[in-house]
Amino acid sequence: MHNQTQRLRNIDLKLVLARIQATAHPYDRAKWYTCRGSLSVNGQKFFNWSTDSGGGGAIDLMMHLRQCDFKTATAWLQQNFPDTSPQLCPPSITHTRLALPQRDDHHLQRLISYLNIDRRIPLAIIQNLIDSNCLYADTKANAVFLLLGKEKKIVGAEIRGTSHIRWLGMAKGSRKDIGCFYVKNPNPQKMILCESAIDALSFFSMNPQWLCVSTSGATPHPAWLPLFIAKGFDIHCGFDADQTGDSLANKMISLFPSIKRLRPIQHDWNDQLHSLPMSF
């Protein structure tokens, strides 16, 4: 048991970051952008500049990123790296083939209940996403939000657990650098960037005239963002109201000065939706 724990702890941190679809800095090979902020990696040690905290080894990294316990972190590593040895090299630039979760309509009602009752997303919005094949339930009853690229080609998926255990991940091989999950009505003029599909849907529930986009984790430089800027959208950064969200929003605005900050009053847009009186 000790040897197994040590094997998991010694998995290359960059392999783990690549597997969870973190974004490598284009110039600084030690820096990664994650759902919890900007990380620096030095061998088997990491430091999160957004939370002023760090650790060592793959188990610590997973506990930090997923905010989960030791058992959950080791189970995830065992499932995703069953044959990994400490000597494995970091991933090359070759992209992994997309592997979407299998669809299972038997769990569709649970997905609808989770989004509508637990998350307060209006039924009409949920049904429209299902009907347009942008959202489905998988065999584990997870909510699968599809990332679309050019010509609405599916390039990935954001996956959200629907049970009481908080879980958020990406389908293996997702290319969030070339596509995103979004929701809109015809001819929107304003656009907001949110950290997750749930937040994008929450904002859209309150502001249906906007184009609401998930960056699938707080990242200041999505590769597709300049395309929207060139189209003349009035773009706002709606990352969470915390140190990570503020820091990466400031970084995004420094890279793209036309973008404005739109900070939720609550911690995130779903919290803000929950603070409103129920009307659906």
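Residues numbered from 1 in each chain as written. Predicted model: local features only at pLDDT ≥ 70, side-chain atom pairs only at ≥ 80, totals over all residues. Heavy atoms only, no water.

Attention now moves to the environment of Ile 253. Take Ile 253: it is sitting in helix H9 (residues 243-255). A relative accessible area of 23% means that Ile 253 is categorised as partly exposed. For the pair Ile 253 and Gly 56, spaced 197 residues apart in the sequence, the C-alpha separation amounts to 32 Å. Contact partners of Ile 253, with chain neighbours within four places excluded, come to Ile 259, Lys 260 and Arg 261. (Helix = DSSP H or I, 4+ residues; strand = E, 2+ residues; numbered from the N terminus. Buried < 20%, exposed > 50% of the residue type's maximum accessible area, 1.4 Å probe, protein only. Contact = heavy atoms within 4.5 Å.)

Enumeration over the complete set of coordinates arrives at zero disulfides. Between Cys 180, a free cysteine, and Cys 134, which holds the nearest cysteine sulfur, the sulfur-to-sulfur gap is 11 Å. (Disulfide = S-S within 2.5 Å.)

All right, on to the sheet that holds strand S8 (residues 154-160) then. Here four strands make up an open sheet; going across it, the order is S6-S7-S8-S9 and the pairing antiparallel. The open sheet has two edge strands, strand S6 (135-137) and strand S9 (168-170), and neither has a second partner. The mean inter-strand angle of the sheet, taken between neighbouring strand axes irrespective of direction, is 25 degrees. Bridge count between strand S7 (residues 143-148) and S8: six bridges; the pairing is antiparallel. (Pairing = 2+ DSSP bridges. Axes fitted to C-alpha atoms, helices over the stretch in contact; angles between N-to-C directions.)

This part covers unusual backbone geometry. What you tend to see is this: most non-glycine residues have negative phi, and most peptide bonds are trans. The backbone of Gln 67 shows a phi angle near 50 degrees, a positive value even though the residue is not glycine. Inspection of the secondary structure assignment puts Gln 67 in the loop between helix H3 (58-66) and helix H4 (70-80). Backbone geometry places Lys 152, a non-glycine residue, at a positive phi of 60 degrees. Structurally, Lys 152 can be placed in the loop between S7 and S8.

For the rest of this paragraph, the subject is the nonpolar core. Core analysis: the largest hydrophobic core is formed by 33 residues, its most contacted members being Leu 111, Leu 115, Leu 135 and Phe 145. Ignoring sequence-local partners within four residues, the contact set of Leu 135 consists of Leu 111, Leu 115, Ile 126, Leu 129, Ile 130, Ala 143, Val 144 and Phe 145. Residues Leu 8, Leu 13, Val 41 and Phe 46 belong to the second largest nonpolar core, which totals 21 residues. (Core = buried A, V, L, I, M, F, W, Y, C linked by side-chain atoms within 4.5 Å.)

As a further point, take the packing of H3 against H4. Two elements in contact, H3 and H4, have axes whose closest approach is 9 Å; the angle formed by their N-to-C orientations is 110 degrees. As summarised for this structure, H3 and H4 are arranged roughly perpendicular, according to the angle between their axes. Helix-helix and strand crossings are classified by hand; for H3 and H4 the assignment is right-handed. Contact residues: H3 offers Ala 58, Ile 59, Met 62, Met 63 and Arg 66, while H4 offers Phe 70, Ala 73, Thr 74, Trp 76 and Leu 77. When the residues that make up the contact of H3 with H4 are grouped by side-chain class, the tally is eight nonpolar, one polar and one charged. (Parallel < 35°, antiparallel > 145°, perpendicular 65-115°, else oblique. Left-handed = near helix turned anticlockwise from the far one by under 90°. Nonpolar A, V, L, I, M, F, W, Y, C, P; charged D, E, K, R; others polar.)

Mean pLDDT over the protein stands at 88; residues scoring 70 or higher make up 92%. Across the protein, element-level confidence peaks in helix H7 (residues 197-206) with a mean pLDDT of 98 and bottoms out in strand S1 (residues 23-24) with 78. Counted against residues more than four places away or in other chains, residues 84-93, with its pLDDT under 50, gives twelve contacts. (pLDDT = per-residue confidence, 0-100.)

If you check which residues of helix H5 (residues 108-118) are buried, you get Leu 108, Leu 111, Ile 112, Tyr 114, Leu 115 and Asn 116. In the core, the buried residues of H5 are packed alongside helix H6 (123-131), S6, S7, S8 and H7. Where H5 terminates, the next one or two residues include Arg 120, which has phi positive at roughly 70 degrees.

We now examine the environment of Asn 207. Mapped onto the elements of the fold, Asn 207 is located in the loop between H7 and strand S12 (210-214). Separated by 35 residues in the primary sequence, Asn 207 and Lys 172 have C-alpha atoms spaced 32 Å apart.

Now for the packing of aromatic side chains. Tallied over the entire structure, the rule returns seven aromatic pairs. Look at Phe 145 and Phe 181: their rings are 5.3 Å apart centre to centre, the planes differ by 70 degrees, and that puts the pair in the edge-to-face class. Remark: Phe 181 occurs in strand S10 (residues 181-183) and Phe 145 occurs in strand S7; sequence separation between them is 36 residues. By the burial criterion, Phe 145 is buried, and Phe 181 matches it. (Phe/Tyr/Trp six-rings, centres within 6.5 Å; stacked < 30°, edge-to-face > 60°.)

Let us look at the environment of Ile 259. If you trace the backbone, Ile 259 turns up in the loop between H9 and strand S14 (260-261). Residues Ile 259 and Ile 154, 105 residues apart in the sequence, show an inter-C-alpha distance of 27 Å.

This brings us to the sheet that holds S1. The strand order across the open sheet formed by five strands is S1-S2-S3-S4-S5, and the pairing between neighbours is antiparallel. The open sheet has two edge strands, S1 and strand S5 (53-56), and neither has a second partner. Where strand S2 (residues 31-34) lies against strand S3 (residues 37-42), four bridges are found, and the strand directions are antiparallel. Across the sheet, Lys 31 pairs through a bridge with Ser 40, a residue of S3. Helix-sheet contacts for H3 involve S2, S3, strand S4 (45-48) and S5, and the interaxial angle to S4 is about 20 degrees.

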